[in-house]
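Examining the three-dimensional arrangement
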Amino acid sequence: MAKHPVPKHRATATRGGRRYSTWKTKELKRLTKISTTVACPKCKSPRQPHTACPTCGYYRGRVVIDLAKKDTKKISKVKA
Ligand SMILES: [Zn+2]
């Protein structure tokens, strides 16, 4: 006897197709979710919802990411 799980019955094309159809809709939903963007209330540039704006560093009305600091760090790294 086989020591690994073996399917008792043959999976028909219909059954496989039904499984794939649900998987496909799920996957499409997941992929479309990633590309969802909302306009930043401060600079109006597109950003992902519930995330800080990559352009101005604002989230919920205040600065979360200090973009000026980030730039200076990058410059110093390049010099060294
Ligand atoms: Zn912004």
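Residues numbered from 1 in each chain as written. Predicted model: local features only at pLDDT ≥ 70, side-chain atom pairs only at ≥ 80, totals over all residues. Heavy atoms only, no water.

1. Points about the coordination of the zinc ion
Going by this rule: Donor selection uses N, O and S atoms within 2.8 Å of the metal (3.2 Å for Na, K and Ca). Since no water is included, sites may look incomplete. For a four-donor site, all angles between 85 and 135 degrees give tetrahedral; for four or six donors, opposite pairs above 155 degrees with the remaining angles between 65 and 115 give square planar or octahedral; all remaining cases count as irregular. In this text, helices come from DSSP runs of H or I with a minimum length of four residues, and strands from runs of E with a minimum of two, each type numbered from the N-terminal end.
Of the protein atoms, only Cys40 (SG), Cys43 (SG), Cys53 (SG) and Cys56 (SG) coordinate the zinc ion, at distances of 2.2 to 2.3 Å. With four donor atoms in place around the zinc ion and angles of 107 to 113 degrees between them, the coordination shape is tetrahedral. Donor residues for the zinc ion, ordered by position in the chain, follow C-x2-C-x9-C-x2-C. One end of the pair, Cys43, is in the loop between strand S1 (38-39) and strand S2 (46-47); the other, Cys53, is in the loop between S2 and strand S3 (58-59), and 10 residues separate them in sequence.

2. Details of unusual backbone geometry
Counted only if it meets this: Accessibility here uses a 1.4 Å probe with only protein chains present; expressed as a share of the type maximum, an area under 20% marks a residue as buried, one over 50% as exposed, and anything in between as partly exposed.
Although it is not a glycine, Lys44 sits at a positive phi angle of roughly 65 degrees. Structurally, the position occupied by Lys44 is in the loop between S1 and S2. Here Lys44 falls in the exposed class, since its relative accessible area comes to 61%. A positive phi is found at Arg60, a non-glycine position, where the angle reads about 55 degrees. Tracing the backbone shows Arg60 in the loop between S3 and strand S4 (62-63).

3. Considering the confidence of the model for the protein
To keep things clear, this is the line we draw: Per-residue confidence from the predictor is reported as pLDDT, a score between 0 and 100.
Taken residue by residue, the protein gives an average pLDDT of 83. The fraction at 70 or more is 84%. When mean pLDDT is taken per element in the protein, S1 scores highest with 91 and helix H2 (residues 67-79) scores lowest with 60.

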